[in-house]
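Results of the structural survey
For reference, the chains in residue letters:
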Amino acid sequence: MTGPLEGIRVLDVSTILAGPLVAQILGDFGADVVKIEHPTKPDGMRGHGLDKDGHPLWWTMVSRNKRGLTLNLGNPDGAEVFKRLVADVDVVVENFRPGTFERWGLGYDVLSALNPGLILLRVTGFGQTGPYSTRPAFGTLVESMSGFAHLTGEADGPPTLPAFGLADSLAGIAGSSAVSMALVHRHKTGRGQEIDLDLLSPIMTAVGPGVIYADQLGIDQERTGNRSSNNAPRNLYRTKDGHWLAISTSANSIAERVLRLVGHPEVLDEPWFATGRQRAAHADLLDDYVGGWIGERTRDEVIAAFEDAGAAVAPVYKPSELLDDPQVTAIEMVTTVEDEDLGPVRMQNVMWRMGESPGSIRHTGRAHGADTDEILAESGYSAEEIARLREVGAV
């Protein structure tokens, strides 16, 4: 087996990140994923990020385990090809604006009539219905609306957006879970379903209890920088040799170990030390104790001392340091994959390790339309029919 989803067939007609990440995860765990791109307007993800010798590196990762097919869904012949493919697949992932599939004659009513077991995952910024449903949206916009930007940054500074595709990535992981649930439902009932996934909901969940605080207490959480309103000491601290370390003391026992380690066991007897929220009100004092102690030692010395004391600490890594971390190496969080153009490349491995049906990376992202003829032939198209479809711009 190549994973628990071996035998599941997926058509990925989404672009940029959230939808393609859903399909990547499904492919990582064994699904046969066909990445569909417009014949002359490939997925914009190919142009995101850095490249090496003209080969896009992010694409190499996010399109791994996918075969490539070019198909113009807005072309009537292309739409007919898509319907023929849909009749024999399990999942379709799309992220066009609401109404686009329907305009092409590919609404769920049409597709499910051809394949009652079909699962259609529809990824949009704000969902399929509602006053914002037709608005163009990207992760940046929902990172702003979700409360994430409001809570991120220094207390006296502006809201801060992430420097990476946070909302899209969270939605991608959530979407793979939604598809898995739909596959279980189909196993029980024989019926497929339409899934409406917006980018905003997953990151709203990740941001935490802000909504219920606003509803029940009438308050909005405020930015606290690298501190937390729930525990202290919790911050980034600079070492003697110029590195940064992160410390969190969500558990009271960890907070006690940290303060003993840095030479201030007396604060353990203070009434306010009993809970994380009370400690957070005394963050200036605790940061002074912890930061002063760390500032007199090197990163390696601090980490060794924290490990001996059973306290929690982690370095602030650059990606190059993460590549060689012993824990990352030991459980293969990063793996090496052979690429046709780049040779061996290292990238993030599958996200969880399953004892009986592990996932795998079988190949990196493919060239535009690399497998078009093969995939169409599998669906019964002759070489002459494929040539005609090319002539009319359908593939």
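These notes cover the structure that comes with them. All values reported here derive from a predicted model rather than from experimental measurement.

Overview of helix H10 (residues 210–217)
Here H10 lies mainly on the outside; zero of its eight residues are buried. Once H10 ends, the next one or two residues include Gly218, with phi positive near 70°.

Considering the environment of His243
Inspection of the secondary structure puts His243 in the loop between strand S9 (235–238) and strand S10 (244–247). Here His243 falls in the partly exposed class, since its relative accessible area comes to 27%. The spatial distance from the C-alpha of His243 to the C-alpha of Trp293 is 14 Å, given a sequence separation of 50 residues. Beyond its immediate stretch of four places on either side in the chain, His243 contacts Tyr237, Arg238 and Arg299.

As for the pattern of salt bridges
Pairing between side chains of opposite charge can happen when the charged atoms of each approach one another. As enumerated under the stated definition, the model contains 24 salt bridges in all. For Asp12, the salt bridge identified is with Lys66, shortest N-O distance 2.9 Å. Placement of the pair is Asp12 in strand S1 (residues 9–12) and Lys66 in strand S5 (residues 66–70), with a sequence separation of 54 residues. Each member of the pair, Asp12 as well as Lys66, is classed as buried. For Arg297, the salt bridge is made with Glu296, and the minimal N-O distance between the two is 3.6 Å. What you see here is one network of salt bridges that share partners, running through Arg9, Asp32, Arg67, Asp88, Glu374 and Glu378.

Structural notes on the nonpolar core
Val10, Val91, Leu121 and Val179 are the most contacted members of the largest nonpolar core, which totals 40 residues. Those elements giving two or more residues to this core turn out to be helix H1 (18–28), strand S6 (91–94), strand S7 (119–124), helix H8 (166–189), strand S8 (193–198), helix H9 (200–207) and strand S13 (343–348). Of all the elements, H8 adds the most residues to this core, at seven residues. If we ignore the near neighbours within four places in the chain, the residues touching Val10 are Leu26, Ala31, Asp32, Val33, Val34, Val91 and Val93.

Some words on helix H11 (residues 252–261)
Regarding H11, the residues found buried are Ile254, Ala255, Val258 and Leu259. All buried residues of H11 lie within an arc of 130° about the axis, which places them on one face of the element. Those residues of H11 hidden inside the fold are in contact with helix H12 (276–280), helix H13 (283–295) and helix H14 (299–309). Looking one or two places after H11, you find Gly263, whose phi comes out positive at around 90°.

Section: the environment of Thr124
Here Thr124 is to be found in strand S7. Sequence-wise, Thr124 and Ala163 are 39 residues apart; in three dimensions their C-alpha atoms are separated by 21 Å. Beyond its immediate stretch of four places on either side in the chain, Thr124 contacts Phe96, Pro98, Asp196, Leu197, Asp198 and Leu199.

Notes on the packing of H8 against H9
For the pair H8 and H9, interaxial distance at closest approach is 8 Å and the crossing angle is 100°. As summarised for this structure, H8 and H9 are arranged roughly perpendicular, according to the angle between their axes. Within the contact between the two elements, H8 uses Leu166, Ala167, Leu170, Ala171 and Ala174 and H9 uses Pro202, Ile203 and Ala206. When the residues that make up the contact of H8 with H9 are grouped by side-chain class, the tally is eight nonpolar, no polar and no charged.

Some thoughts on the sheet that holds S9
In spatial order, the strands read S9-S10-S11; together these three strands make up an open sheet with antiparallel pairing. The sheet is open, and its two edges are formed by S9 and strand S11 (313–315), each paired on a single side. Direction aside, neighbouring strands of the sheet carry axes that sit 30° apart on average. Pairing analysis gives four bridges linking S9 to S10, with the strands arranged antiparallel. In the strand pairing of S10, Leu236 is matched with Ala246. Against the sheet, H13 makes contact with S9 and S10, and its axis sits at roughly 35° relative to S9, the strand it touches most.

A word on the packing of H11 against H14
Packed helices, taken two at a time, are described by the angle their axes make and the gap between the axes. Packing of H11 against H14 brings their axes to within 10 Å, and their N-to-C directions diverge by 125°. By the angle class used here, H11 and H14 are oblique. Viewed along their axes, H11 and H14 form a crossing whose handedness is right-handed. For the pair formed by H11 and H14, the contact residues are Arg257, Val258 and Leu261 on the first element and Ala305, Phe306 and Ala309 on the second. Taken together, the residues of the contact of H11 with H14 break down into five nonpolar, no polar and one charged.

Re the side chain of Asn231
Mapped onto the secondary structure, Asn231 falls in the loop between H10 and S9. Residue classification places Asn231 among the buried residues on the basis of a relative accessible area of 6%. Only 3.3 Å separates the side chain of Asn231 from the backbone nitrogen of Thr249, close enough to count as a polar contact. Engagement of the side chain of Asn231 in a polar contact is seen with the side chain of Ser250, the distance being 3.4 Å. The residues contacting Asn231, other than those within four sequence positions of it, are Ser248, Thr249, Ser250, Gly276, Arg279 and Ala280.

What counts, and where the lines are drawn
Residues numbered from 1 in each chain as written. Predicted model: local features only at pLDDT ≥ 70, side-chain atom pairs only at ≥ 80, totals over all residues. Heavy atoms only, no water. Buried < 20%, exposed > 50% of the residue type's maximum accessible area, 1.4 Å probe, protein only. Helix = DSSP H or I, 4+ residues; strand = E, 2+ residues; numbered from the N terminus. Contact = heavy atoms within 4.5 Å. Salt bridge = Lys/Arg side-chain N within 4 Å of Asp/Glu carboxyl O. Core = buried A, V, L, I, M, F, W, Y, C linked by side-chain atoms within 4.5 Å. Arc of directions from axis to C-beta. Axes fitted to C-alpha atoms, helices over the stretch in contact; angles between N-to-C directions. Parallel < 35°, antiparallel > 145°, perpendicular 65-115°, else oblique. Nonpolar A, V, L, I, M, F, W, Y, C, P; charged D, E, K, R; others polar. Pairing = 2+ DSSP bridges. Left-handed = near helix turned anticlockwise from the far one by under 90°. Polar contact = N/O pair within 3.5 Å; in protein donor to acceptor, adjacent residues only side chain to side chain.

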